Amino acid sequence: MSKPNKALSYMGLAMRAGKLAFGEEGVLKAIRSGQARLVVMAEDASDNTRKKYRDKCQHYNVELSESFSRYELGAAIGKEARVLVAVLDSGLAQLIKPCLVKPPEVEPIE
């Protein structure tokens, strides 16, 4: 299983555990209340949504990752397309964060 698939699997686990907020209102509420440990935003989010949540996450000191498409995020949590997902559990967030690191496009030559 590749790392991106692993991150999506962990998000599905968080959803089943009830440790996930999604949608604009749910994620915004989680950020403001201090419950959000990690916010994952789809790469194909609108410019307005990107700016709004970059600013909110920076202000409230919540880590933000822009990964996957809205359809991949939605499929991972068993919903239609989802642009925003917030992980509410710090343990699950720690599992997901390393899986979101994108590999370099060019492999180093040894």
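See the structure printed just above.
Residues numbered from 1 in each chain as written. Predicted model: local features only at pLDDT ≥ 70, side-chain atom pairs only at ≥ 80, totals over all residues. Heavy atoms only, no water.

J.: An account of the pattern of salt bridges is requested, with residue identities and associated values reported.
T.: When the charged atoms of two side chains with opposite charge come close together, those side chains can pair. Counted according to the given criterion, the structure contains six salt bridges. Taking the shortest distance from any N to any O, the salt bridge between Arg70 and Asp44 comes out at 3.4 Å. On the criterion of sequence distance, the pair formed by Arg70 in helix 4 (residues 70-76) and Asp44 in the loop between strand 2 (38-41) and helix 3 (47-59) is long-range, its members being 26 residues apart. A residue is classified by how much of its surface remains accessible, and Arg70, at 25% relative accessible area, is partly exposed. The exposure class assigned to Asp44 is partly exposed, which follows from its relative accessible area of 32%. With its nearest N and O atoms 3.4 Å apart, the salt bridge here joins Glu63 to Lys97. With Glu63 in strand 3 (residues 63-66) and Lys97 in the segment after helix 5 (90-96), this residue pair connects regions lying 34 residues apart in the sequence. Under the relative-accessibility criterion, Lys97 is labelled partly exposed at 21%. A single network of salt bridges, built from pairs that share partners, joins Arg50, Arg54 and Glu66. (Salt bridge = Lys/Arg side-chain N within 4 Å of Asp/Glu carboxyl O. Helix = DSSP H or I, 4+ residues; strand = E, 2+ residues; numbered from the N terminus. Buried < 20%, exposed > 50% of the residue type's maximum accessible area, 1.4 Å probe, protein only.)

J.: Explain the side chain of Thr49 to me, and be specific about the residues and the numbers.
T.: Here Thr49 is to be found in helix 3. At 2.9 Å, the side chain of Thr49 and the side chain of Ser46 are in polar contact. Dropping the residues within four chain positions of it, Thr49 is found in contact with Glu24, Met41, Val83 and Leu84. (Polar contact = N/O pair within 3.5 Å; in protein donor to acceptor, adjacent residues only side chain to side chain. Contact = heavy atoms within 4.5 Å.)

J.: Pulling in residues and values, what's your account of the nonpolar core?
T.: Residues Met11, Phe68 and Leu73 are the most contacted members of the largest nonpolar core, which totals 19 residues. The contact partners of Met11, leaving out residues within four places of it in the chain, are Leu20, Val40, Phe68, Leu73, Ile77, Val85 and Ile96. Formed by 14 residues, the second largest nonpolar core is a distinct cluster that contains Ala30, Val39, Met41 and Leu84. (Core = buried A, V, L, I, M, F, W, Y, C linked by side-chain atoms within 4.5 Å.)

J.: Could you give an account of the sheet that holds strand 2, naming the residues involved and the relevant values?
T.: Spatial ordering of the open sheet is given by 1-4-2-3, a layout of four strands whose pairing is mixed. Strands with a single pairing partner mark the edges of an open sheet, and in this sheet they are strand 1 (20-22) and strand 3. Going from strand to strand, the sheet's axes swing by 20 degrees on average, the running direction of each strand aside. Here strand 1 pairs with strand 4 (residues 84-87) via three bridges, running antiparallel. When the bridges of strand 4 are listed, Ala21 appears paired with Ala86. The strands touched by helix 3 are strand 2, strand 3 and strand 4; relative to strand 3, the strand with the most contacts, the crossing angle is about 155 degrees. (Pairing = 2+ DSSP bridges. Axes fitted to C-alpha atoms, helices over the stretch in contact; angles between N-to-C directions.)

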